[in-house]
Amino acid sequence: MNKKHLFTLLSLILMALLLVACGGDAQVETVTVEVTRIVEVPAEASTDMPAVPSAEGNTLQTVRSRGALKCGGNQAVPGFGYINPDTNDFEGFDIDFCKAVAAAALGDATAYEIRPTTANERFPVLQSGEIDVLIRNTTWTLSRDTQLGADFQPTTFYDGQGMMVRKADGINSLEDLAGGTICVQSGTTTEKNLADVFRARNINFEPVVFDDADRTREAYDAGQCDGFTTDKSGLVSQQILLAEPDAHTILDETMSKEPLGPMTRHGDNNWGDIVMWTVNCTIQAEELGINSTNVDSFLGSEDPVVQNVLGETGDLGAGMGLSNDWCYQVIKQVGNYAEIYTRNLGPDTPFDLPRGLNTLWTEGGLLYSPPFR
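Every value quoted in this text rests on a predicted model; they were computed, and no experiment measured them.

**Considering unusual backbone geometry**
Then comes step 1: The phi dihedral of N137 is positive, around 20°, even though this residue is not glycine.
Then comes step 2: Along the chain, N137 turns up in the loop between β6 (133–134) and α5 (142–147).
Then comes step 3: Phi at N202 takes a positive value of approximately 55°, unusual for a residue other than glycine.
Then comes step 4: Here N202 lies in the loop between α6 (189–200) and β11 (205–210).

Quick look at the structure:
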């Protein structure tokens, strides 16, 4: 009811009361008055990713006192983070970035430990301070960046969600999976993307959810699902572990953007800077043509940018509490971005992943380091 109608109604009631009070013969009518109450109701709390207090402190000092960097990693994604069965050591693209941070912080790329984590436990392990940095194919999203007490550092791998199917099933598009079952890992962005994309395209399906990558792959390989979805890089690495890798194909469609990168806790901006500039160091080195085998030949260069990157001039390392040659140590001991990529995912690996978006900005890619000055 608007104010005008309410005023008219009240006026009529008042006139009736006055007539009665004046002894008139007016008849009393029963009038229903509409009353609107405004009640404040607390917004429903999100059960998706609740804010969690983060551990604070001087992570660099903690790492130095311990003598080793603790990285949260993966042990089930060949190419990115896995245990080499021949050496029993962790290897992969993400593992190399853990080594790079160790080289920057401690001057020793071998001074690190990997704490393998599942998708569901990776964030609590970081929040509690059990690890110093999470480097485990983790997608940068707004909710993770703002609700988990942590910060994302530069993207190390630009990825997208894909779908693997059996060639014999004749599936050529997502629509061909209508009414089928799809294996997906819980606690991941891929689980949510799958539901969103299929709902938007009105495709009915049944998700079959597992806690980790191994069980998800094994279920698909055993025929429990018609499709298997995760990041395309993850599908490539999982495909080689299937009983008959050539019997499967990854559809061309990309269902989402998946920028993967390291994550650090809130409350220690300097440590976040160290991880951020370590990643930038590998990108800048590739842009300058500096790698692990030729870095020494660049010492003494007259190029001021090279001098800054290698720490021969200025005090860029001191600003983060590091030695001035921290980036030199990263390049010398681990390599530039191209070396890390090629060693783990390049043509000489079982994956042979084209770099695509993961090329330098000067070559049409998305890799770009802010200036070292």
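**A closer look at helix α7 (residues 213–221)**
Then comes step 1: Among all positions of α7, only A213, T216, R217, A219 and Y220 are buried. Taken down its axis, α7 places every buried residue within 160° of arc, on the same side.
Then comes step 2: Between the side-chain oxygen of the N-cap and the backbone nitrogen of D214 there are 3.2 Å, and the N-cap of α7 in question is D212.
Then comes step 3: Downstream of α7 by one or two residues, G223 has phi in the positive range, about 90°.

**Quick word on the pairing of strand β12 (residues 227–231)**
Then comes step 1: Counting buried residues in β12 gives 5 out of 5 residues, a clear majority hidden from the surface.
Then comes step 2: Where strand β9 (residues 161–166) lies against β12, 5 bridges are found, and the strand directions are antiparallel. Counterpart to M164 in the pairing with β12 is F228.
Then comes step 3: Relative to β12, strand β10 (residues 180–185) runs parallel, the two sharing 2 bridges. Residue pairing in the sheet places I182 in a bridge with G227 of β12.

**As for the sheet that holds β9**
Then comes step 1: Pairing is mixed across the open sheet formed by 5 strands, whose spatial order is β11-β10-β12-β9-β13. In the strand order of this sheet, the two ends are held by β11 and β13 (248–250), each with one partner. Direction aside, the axes of adjacent strands within the sheet are offset by 30° on average.
Then comes step 2: Those strands touched by α7 are β9, β10, β11, β12 and β13, and its axis lies near 160° from that of β10.
Then comes step 3: Against the sheet, helix α8 (residues 232–239) contacts β9, β12 and β13, and its axis sits at roughly 125° relative to β12.

**Details of the sheet that holds strand β4 (residues 90–91)**
Then comes step 1: Taken in spatial order, the 3 strands of this open sheet run β2-β3-β4, and their pairing is antiparallel. Whereas interior strands pair on both sides, the edge strands pair on one side only; in this sheet they are β2 (76–77) and β4.
Then comes step 2: For β2 and strand β3 (residues 81–83), the ladder comprises 2 bridges, and the chain directions are antiparallel. Paired with V77 across the two strands is G81, which belongs to β3.

**Observations regarding the confidence of the model for the chain**
Then comes step 1: In this model, the chain carries an average pLDDT of 87, and 85% of its residues clear a pLDDT of 70 or more.
Then comes step 2: Every residue in residues 1–56 scores below 50 in pLDDT, and together they form 34 contacts with partners more than four places removed in sequence or on other chains.

Conventions used here
Residues numbered from 1 in each chain as written. Predicted model: local features only at pLDDT ≥ 70, side-chain atom pairs only at ≥ 80, totals over all residues. Heavy atoms only, no water. Helix = DSSP H or I, 4+ residues; strand = E, 2+ residues; numbered from the N terminus. Buried < 20%, exposed > 50% of the residue type's maximum accessible area, 1.4 Å probe, protein only. Arc of directions from axis to C-beta. Polar contact = N/O pair within 3.5 Å; in protein donor to acceptor, adjacent residues only side chain to side chain. Pairing = 2+ DSSP bridges. Axes fitted to C-alpha atoms, helices over the stretch in contact; angles between N-to-C directions. Contact = heavy atoms within 4.5 Å. pLDDT = per-residue confidence, 0-100.

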